[in-house]
Amino acid sequence: MIKILPYDTSYENQVQDLYEIPVSGFISLSLQRKPHSLPGAHIQTEIPRVFIVIDDISHCVIGLFNVGSRCQIFQGKVESLPYFCDLRIAPSHQNGKVLLAIIRYINCLGLDLDKGPATTIVFSDNTRMINIIEKRAAEKIPKKIPYYTKVADIETFIFQRADFFENKLYDIRRATEDDIMLMKTFYDKDLTALKLVVDFSKIGQNAYYAGQKMEDYLLCFKGEELVGILGLWDTSAIKQTVVNKYHWSLKLARVFYNSVASGLLGYPPLPKEGEVIKTTGIHSVSIKERSVTIFRLLIQQAVQSSIYPLIITVDVKDPFYVYLSSLKRSIRKKGNFYLVSESGNITFNEAYISVDVPRI
């Protein structure tokens, strides 16, 4: 038997153990939250709701999940929607039963998912979760389990080089506090579906913006007109992607890869086992008329500004996707973006959605 309780700091050491559980794949990774798990929950959700799963026999923490909320653009309006994230289950209990218990528990929290659906991301190698989603769609599991409606195929890119693009029309500079109102006015006009709402006045003053600085936002101007915003965010002091283990073939090839593919060709380097993959996340992208030209210029400036490889996640239907796909020196990972509801009757006809990778 298990029980599910609100997060309590007395369990933090066991929670840290859960975050060290590796994600299977050609490169085995662990998505860690050192030195403490709560700051990570706060940058993923404005109002976290973190729960832990306790085994009644061993009294150990065997699971963890966050169903907090954050403000997003939904159907052209600002809505506070739940975000389902940070799901962790101990290997000894990854037989589907604990996952189903968690989903049932969430369904009993009174979230009213038909009024305001939750959002969540499932990466393509999470076969257990995808299997449950498909079974629910086929009515093969209990009706108390909510529906997951896929609204986007997404892809994450890690890269450290971009092709040079000549710029004769635009000026790019770092933001200052004097730009806050200008940025707010511009950013709020962009109603890209599921885009996260940003309060630039809270940067550096609120847990949801931990580690951000105004100068980490790049602004693009055409004359006096602001036409683009792109944020850079190093979250490594809060959440880390750690290489747990390489497939034996990649382990043998890593030294050659780093000297040739990385050193000469510009691919992101592969760290040693046990080391953190250091990246700078791209977020809060808002560009007039979704101009790929302006996006390319901002990416070019971001590459020059960051000491680490860049990481970005986009909808494959986003106009920016074609450009990012053209970057030959990148590491890529696919996933799906879902709206979670009780009835499954979701009407969603947006051309593309917005995703901020540091908040995944």
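Residues numbered from 1 in each chain as written. Predicted model: local features only at pLDDT ≥ 70, side-chain atom pairs only at ≥ 80, totals over all residues. Heavy atoms only, no water.

**Quick word on the environment of Glu20**
So, point 1. Residue position: Glu20 is located in the loop between helix H1 (12–19) and strand E2 (27–32).
So, point 2. Judged by relative accessible area, Glu20 falls into the partly exposed class, the value being 35%.
So, point 3. Sequence-wise, Glu20 and Val357 are 337 residues apart; in three dimensions their C-alpha atoms are separated by 20 Å.
So, point 4. Those residues within four positions of Glu20 in sequence are excluded, and the remaining contacts are Ser30, Gln32 and Lys34.
So, point 5. There is a polar contact of 2.8 Å between the side chain of Glu20 and the side chain of Lys34. (Helix = DSSP H or I, 4+ residues; strand = E, 2+ residues; numbered from the N terminus. Buried < 20%, exposed > 50% of the residue type's maximum accessible area, 1.4 Å probe, protein only. Contact = heavy atoms within 4.5 Å. Polar contact = N/O pair within 3.5 Å; in protein donor to acceptor, adjacent residues only side chain to side chain.)

**A closer look at helix H4 (residues 127–137)**
Residues lying three or four places apart along an α-helix face the same way, a consequence of the helix completing one turn every 3.6 residues.
So, point 1. Along H4, the positions that sit buried rather than exposed are Met129, Ile130, Ile132, Ile133 and Arg136. The arc that holds every buried residue of H4, seen down its axis, measures 160°, which confines them to one face. Seen from the open side of H4, the exposed residues pointing more than 90 degrees away from its buried face are Thr127 and Glu134.
So, point 2. Those residues of H4 that are buried are in contact with helix H3 (97–107), strand E7 (118–123), strand E8 (147–159) and strand E15 (330–341).
So, point 3. Downstream of H4 by one or two residues, Glu139 has phi in the positive range, about 60°. (Arc of directions from axis to C-beta.)

**A word on the nonpolar core**
So, point 1. Of all hydrophobic cores here, the largest spans 40 residues; its most connected members are Phe65, Phe84 and Ile102.
So, point 2. Sorting the residues of this core by element identifies H1, strand E3 (50–55), strand E4 (61–66), strand E6 (77–89), H3, E7, H4 and E15 as the ones contributing at least two each.
So, point 3. Apart from residues lying up to four places away in sequence, Phe65 is in contact with Ile4, Arg49, Val50, Phe51, Val53, Cys85, Asp86, Leu87, Ile102, Tyr105 and Ile106. (Core = buried A, V, L, I, M, F, W, Y, C linked by side-chain atoms within 4.5 Å.)

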